[in-house]
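Chain and residue survey
Chain by chain, the residues run as shown.
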Amino acid sequence: MSDKSLPDLVPDAKLKLPKQAERTLPGGLTVIAIRRTSVPLVELRLRVPFSKAPLARATLLSQALFTGTGTMSSVDIAAELQAVGGGLSAGLDPDRLLVTGNALASGLDRMLEILAAVLTDPAYPKSEVATERDRLVDHLQVALQQPSHLARTALLKRMYGKHPYAVQTPEPEQIQAVRPTQLRSLHADRVRPNGAVLVLVGDINPEKAIDAAEKALGSWTGPGRDETVPGTPPLESGPVLLVDRPGSVQSSLRMALPAVSRTDPKYAALQLANLIFGGYFSSRWVENMREDKGYTYGPQTSIEHYLAGSALMVAAEVATEVTGPSMLETLYELGRIASLPPGEEELEQARRYALGTLRLGMSTQAGLAGLASMYASFGLRLQHLSEHSAALATVTLEEVAEVASEFLAPSRAVTVVLGDAAKIAGPLAALTPVERDLP
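Thresholds, definitions, all that
Residues numbered from 1 in each chain as written. Predicted model: local features only at pLDDT ≥ 70, side-chain atom pairs only at ≥ 80, totals over all residues. Heavy atoms only, no water. Helix = DSSP H or I, 4+ residues; strand = E, 2+ residues; numbered from the N terminus. Rg over C-alpha atoms; globule rule 2.2 N^0.38 Å. Buried < 20%, exposed > 50% of the residue type's maximum accessible area, 1.4 Å probe, protein only. Contact = heavy atoms within 4.5 Å. Areas by Shrake-Rupley, 256 points an atom, 1.4 Å probe, with all protein chains shown as cover. Phe/Tyr/Trp six-rings, centres within 6.5 Å; stacked < 30°, edge-to-face > 60°. Lys NZ or Arg CZ within 6 Å of the ring centre and 35° of its normal. Pairing = 2+ DSSP bridges. Axes fitted to C-alpha atoms, helices over the stretch in contact; angles between N-to-C directions. Expected span 1.5 Å × (residues − 1).

1. With respect to the overall build of the protein chain
Looking only at helices and strands, the protein chain features 16 helices and 12 strands. Whereas a compact globule of 439 residues would reach a radius of gyration of roughly 22 Å, the protein chain reaches 23 Å, a difference of no more than 12%. For the protein chain, the spread of C-alpha atoms along the three principal axes comes to 65 × 55 × 35 Å. Relative to its full complement of 439 residues, the protein chain shows a buried share of 50%. Restricting to contacts in the protein chain with at least 6 residues of sequence separation, those with at least 24 account for 83%. When the accessible surface of the protein chain is totalled, it reaches about 19,400 Å², and 53% of it is carbon and sulfur.

2. Examining the packing of aromatic side chains
Tallying each qualifying case throughout the model produces four aromatic pairs. Taking the centre distance of 4.7 Å and the plane angle of 50° together, the rings of Tyr 165 and Tyr 306 count as tilted. Residue Tyr 165 is found in the loop between helix 5 (147-160) and helix 6 (172-176), and its partner Tyr 306 is found in strand 9 (residues 300-306); the two are separated by 141 residues along the sequence. For the residue pair Tyr 165 and Tyr 306, the accessibility class agrees, reading buried in each case. Taking 4.5 Å as the distance between ring centres and 35° as the angle between the ring planes, the aromatic pair formed by Tyr 280 and Tyr 353 counts as tilted. One end of the pair, Tyr 280, is in the loop between helix 9 (267-279) and helix 10 (284-292); the other, Tyr 353, is in helix 12 (residues 344-361), and 73 residues separate them in sequence. Residue Tyr 280 is classed as buried on the basis of its relative accessible area, which comes to 10%. Linked through ring pairs, Tyr 160, Tyr 165 and Tyr 306 together constitute an aromatic cluster. Here Arg 262 stacks its cationic end above the ring of Phe 378, 5.2 Å away from the centre of that ring.

3. Some points on the environment of Ala 268
Tracing the sequence through the fold places Ala 268 in helix 9. Here Ala 268 is in contact with His 388, Ala 391, Leu 392 and Val 395, once residues within four sequence places are set aside.

4. Digging into helix 1 (residues 55-64)
The element helix 1 is extensively covered by neighbouring structure, given that seven of its 10 residues are classed as buried. Among all positions of helix 1, only Ala 56, Ala 58, Thr 59, Leu 60, Leu 61, Ser 62 and Ala 64 are buried. Among the structural elements, strand 4 (87-92), strand 5 (96-104), helix 4 (126-143), helix 6 and helix 7 (180-190) are those in contact with the buried residues of helix 1.

5. Things to note about the sheet that holds strand 4
One open sheet accounts for six strands, arranged 1-2-6-3-5-4; its pairing is mixed. Looking along the sheet, the strands with just one partner apiece sit at the ends: strand 1 (20-24) and strand 4. For this sheet, the mean inter-axis angle between neighbouring strands, taken without regard to orientation, is 15°. Alignment of strand 1 against strand 2 (residues 30-35), held across five bridges, turns out to be antiparallel. Along strand 2, the bridge assignment pairs Glu 22 with Ile 32. Packing against the sheet, helix 3 (residues 108-120) makes contact with strand 3 (41-49), strand 4, strand 5 and strand 6 (197-202), and its axis sits at approximately 20° to strand 3.

6. Quick notes on helix 5
Taking 1.5 Å per residue, 14 residues should reach 20 Å; helix 5 reaches 20 Å between its end C-alpha atoms and fits that length. What helix 5 keeps buried is the set His 149, Ala 151, Ala 154, Leu 155, Leu 156, Met 159 and Tyr 160. Those residues of helix 5 that are buried lie in contact with helix 4, strand 7 (240-244), strand 8 (250-258), strand 9, strand 10 (309-319) and strand 11 (414-419). At the exit of helix 5 stands Gly 161, carrying a positive phi of roughly 55°.

7. Let's talk about the sheet that holds strand 7
In spatial order, the strands read 9-10-8-11-7-12; together these six strands make up an open sheet with mixed pairing. Of all the strands in the sheet, just strand 9 and strand 12 (434-436) have a single pairing partner and so form its edges. When strand polarity is set aside, the average angle formed by the axes of neighbouring strands in this sheet is 25°. Across the face of the sheet, helix 16 (residues 421-429) comes into contact with strand 7, strand 8, strand 11 and strand 12 while running at roughly 165° to strand 7.

8. Focus: the environment of Ala 404
Note that Ala 404 resides in helix 15 (residues 397-407). The class for Ala 404 is buried, based on a relative accessible area of 1%. Residues Ala 404 and Ala 338, spaced 66 residues apart in sequence, show a C-alpha to C-alpha distance of 4.8 Å. Ignoring any residue separated from it by four or fewer positions in sequence, one finds Ala 404 in contact with Ala 273, Ile 337, Ala 338 and Ala 409.

9. Some points on the side chain of His 384
The residue His 384 is located in helix 14 (residues 383-394) in this model. Not counting residues up to four positions away in its chain, the partners in contact with His 384 are Arg 262, Thr 263 and Tyr 375.

Read these as layout, nothing more, since geometry by itself doesn't imply function.
In structure tokens form, the structure reads like this:
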């Protein structure tokens, strides 16, 4: 692709950040409100520290959070939110409980009142919990049949060993054993404002929005719990782990490579090195595997960040008969970027893509709320977007080559392949040492 066909993004253009305000309430909840007037809505994101909660209970709690309060049923909650043009839902990651929602800007007060009732007066009614439990068990049983889930589960165990991040999905029978009383107890113990961050983005006056949050959530109190998790262990490469899935027509290739946190001085260079390798449609690995060889439709790489550590993840689904050749091309592309500096035009194309997607990500209320909330959970603020944008704009070819050789060398990869072992073990063993996964 010639430079002329690339969008004209001025690399050193400063990001214009919207008007915002921040306040930490007496109970320990930090509220960040950001004005973005494009549509008359307000987006809400609440992240509550939850890393040390028992996995099965925490997972079911996240699904059952809106099943009722002392005065409202789940139907009442949904109807009240619908009346202000909104909705609320909850989810879980290895570090936090996340509540996501939106409403008409005029309905912000009511949405906050309903959220406050859910946080401070949860009921977890038996019948509603049973319904959510059955739904979650069904979902997990389906996931256990999906190659992508099985491959990721095996990779996490291989990456993290005895670290809490090694297991991120509970077993169906563990969910079956959870009772409403345990959810009430976990909620009382862990759903606390201390260390939690509430982000509001929309057609709002930031200070008045924080006043509304303080009025609604002032009764949410209680000391926080120690949620610090030990740092993730260094990745130990070793042989490729082969997980047998007899009769499978596809193989799932998964790799983890070391990475750095968002605040590390090397992060911008690593992000660009990852883009050049496999992080977007015009990257080397994608062009090789998809366009040139036709081995896979959607190979992808991304940098995953948790509070205790970061990793660069590589994923592809390939036909069984090209598993060996796909591994060969993946190792080749990693070796190439780790040992040869990228070209100037290649770097500029990745730089423009990174800067463009950064601006695109904050162009909507929902995108801005997600970014602000995610950053805040790592102790960062929107100002970090400006700093990261400036870093992306100034990274040199030498810096990209240096981090690529340090982090993307194939010898540093932790690798898992899930597929029909009878057909793929030989071709893989011809390339690299292979270890079979024991059931």
